[in-house]
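Chain by chain, the residues run as shown.
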Amino acid sequence: NSTFLYCDQLVSDFEKVIETPIINNSSVYYTGVDLGTAYIVLAVLDENYQPVAGAYRFASVVKDGMVVDYIGAIRIVKELKQEIEEKLGTELIYAAAALPPGTDTLDSGAIKNVVQAAGFEITNILDEPTAANAVLKIKDGAIIDIGGGTTGIAILKNGKVIYVADEPTGGTHFSLVISGAYKMSFDEADVYKRDFKNHRELIPVIRPVIEKVSTIISRHIKKYSVKELYLVGGTCCLEGIEDIIAKQTKLPTYKPQNPMFVTPLGIALNC
Ligand code: ATP
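Computed from a predicted model, the values in this text were never measured in an experiment.

Engineer: Can you walk me through the domain arrangement of the chain in this structure?
Structural biologist: Here the domain parsing of the chain yields domain 1 (2–130 + 261–269) and domain 2 (133–254). Using C-alpha coordinates to define each centre, domain 1 is positioned 22 Å away from domain 2. Contacts between domain 1 and domain 2 engage 22 residues on the former and 22 residues on the latter. A buried area of about 1700 Å², summed over both sides, lies between domain 1 and domain 2, and 69% of it is on carbon and sulfur atoms. It is Phe4, Pro101 and Pro129 that lose the most area in domain 1 upon contact with domain 2, and together they represent 29% of the buried surface on that side. The tally of links from domain 1 across to domain 2 stands at zero salt bridges. The tally of links between domain 1 and domain 2 comes to four residue pairs in polar contact (both at pLDDT 80 or more). When residues of the side of domain 1 that touches domain 2 are traced back to their parent elements, those giving at least two are helix H1 (5–19), helix H4 (128–136) and helix H9 (262–269). When residues in the side of domain 1 that touches domain 2 are grouped by element, the largest group, five residues, is from H9. A breakdown of the residues in the side of domain 1 that touches domain 2 according to their chemical character gives 13 nonpolar, six polar and three charged.

Engineer: How should I be thinking about the nonpolar core in this particular structure?
Structural biologist: Here is a general trend for soluble globular proteins: nonpolar side chains tend to be buried in one another's company. Ranked by internal contacts, the top residues of the largest apolar core, which has 34 residues, are Phe14, Leu136, Phe261, Val262 and Leu265. Looking at this core, the elements that each hand over two or more residues are H1, strand S2 (39–45), strand S6 (94–99), H4, strand S11 (229–232) and H9. Among the elements that make up this core, the one with the highest residue count is H1 (six residues). Two domains each provide a minimum of three residues to this core, namely domain 1 (2–130 + 261–269) and domain 2 (133–254). Not counting the four nearest positions on each side in its chain, Phe14 is found in contact with Val41, Leu42, Ala43, Val44, Pro51, Ala53, Gly54, Phe261 and Leu265.

Engineer: I tried to follow the site of the ligand on my own but got confused; where do I start?
Structural biologist: Looking at the ligand, there are 21 residues lining it, with Thr37, Ala38, Gly149, Lys193 and Gly234 nearest. Here an oxygen atom of the ligand and a backbone polar atom of Gly148 are 3.0 Å apart. Protein contact buries 93% of the 650 Å² of open area that the ligand shows by itself. Those elements giving two or more residues to the shell around the ligand turn out to be helix H5 (171–182) and helix H6 (186–194). Top element by residues in the shell around the ligand is H6. It accounts for three residues. By residue class, the composition of the shell around the ligand is six nonpolar, 12 polar and three charged.

Engineer: Help me understand the packing of H5 against helix H7 (residues 199–221), please; the structure alone is not making it clear to me.
Structural biologist: Helix packing geometry: the angle between the two helix axes and the distance between the axes. For the pair H5 and H7, interaxial distance at closest approach is 10 Å and the crossing angle is 140°. Here H5 is positioned oblique relative to H7, judged by the angle of their axes. The interaxial crossing formed by H5 with H7 has right-handed handedness. Contacts between H5 and H7 involve His173, Phe174, Val177, Ile178, Ala181 and Tyr182 on the former and, on the latter, Glu201, Leu202, Val205, Ile206, Val209, Ile210 and Val213. Grouping the amino acids of the contact of H5 with H7 by side-chain chemistry returns 11 nonpolar, one polar and one charged.

Parameters at a glance
Residues numbered from 1 in each chain as written. Predicted model: local features only at pLDDT ≥ 70, side-chain atom pairs only at ≥ 80, totals over all residues. Heavy atoms only, no water. Domains from an automatic or database assignment. Contact = heavy atoms within 4.5 Å. Buried area = accessible area lost by both parts, 1.4 Å probe. Salt bridge = Lys/Arg side-chain N within 4 Å of Asp/Glu carboxyl O. Polar contact = N/O pair within 3.5 Å; in protein donor to acceptor, adjacent residues only side chain to side chain. Helix = DSSP H or I, 4+ residues; strand = E, 2+ residues; numbered from the N terminus. Nonpolar A, V, L, I, M, F, W, Y, C, P; charged D, E, K, R; others polar. Core = buried A, V, L, I, M, F, W, Y, C linked by side-chain atoms within 4.5 Å. Buried < 20%, exposed > 50% of the residue type's maximum accessible area, 1.4 Å probe, protein only. Near = heavy atom within 4 Å. Areas by Shrake-Rupley, 256 points an atom, 1.4 Å probe, with all protein chains shown as cover. Axes fitted to C-alpha atoms, helices over the stretch in contact; angles between N-to-C directions. Parallel < 35°, antiparallel > 145°, perpendicular 65-115°, else oblique. Left-handed = near helix turned anticlockwise from the far one by under 90°.

Following this line, the structure appears as structure tokens:
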């Protein structure tokens, strides 16, 4: 899909530098810090806004967009920062962070404090859909961010976010259903779910949860003339999720090659 040329290239470059960082003589580095329910991700861009390094860690320090383990969050961001600094041989100074839609009045202080306490100078705090759209570059439609704990819905008109919502259904619920159906622990179910080999088999099991997410999407977009949906967030890695959402919402539904890392990269682009 040509819509995602820039996004697919950027995410694929980012995946490579997570493995093998690019050491160059950039005069400045921009870091995007994404504190999620399931993962904490750091994405580092050079002076030309090209990915040079990245790191992520499975963590449960955030719940429904709120920092619930403040000390744990600081420790992990600090460790990821140090890990990248050692690889790049330079100090990371500037960072931006993002907030899930609708939580800005609740928690912007906590997220800002975590990033600062980890040793960064904050240059920007933006909302997650605006961050994602810096990578997707969509003019009209809705960005649906199905993460770990929540589903974010952001409606765009002429490239601007005009409506946002965040609902507490996400990948965690998919894992809970798999855990029940397969008699696995939550962690085992989550690992099983993330393996692409298992997606075809899992779709019938998790279809009701995908349909619930679709109903939530339809409810939020019904007052707006949304014509297309764009999927991001780790849960949208599930192969076939787009077809069920398209069928249920009756809207063309697109997703980039890798819907993970879109938001962290967008945060770094806005640093
Ligand atoms: P939130 O946005 O809710 O705060 P987050 O930012 O941590 O959470 P993401 O990193 O976008 O969310 O997505 C995490 C979710 O994606 C987890 O539930 C994880 O199990 C799921 N996930 C990650 N990779 C895959 C995969 N390959 N297949 C299916 N699900 C996946």
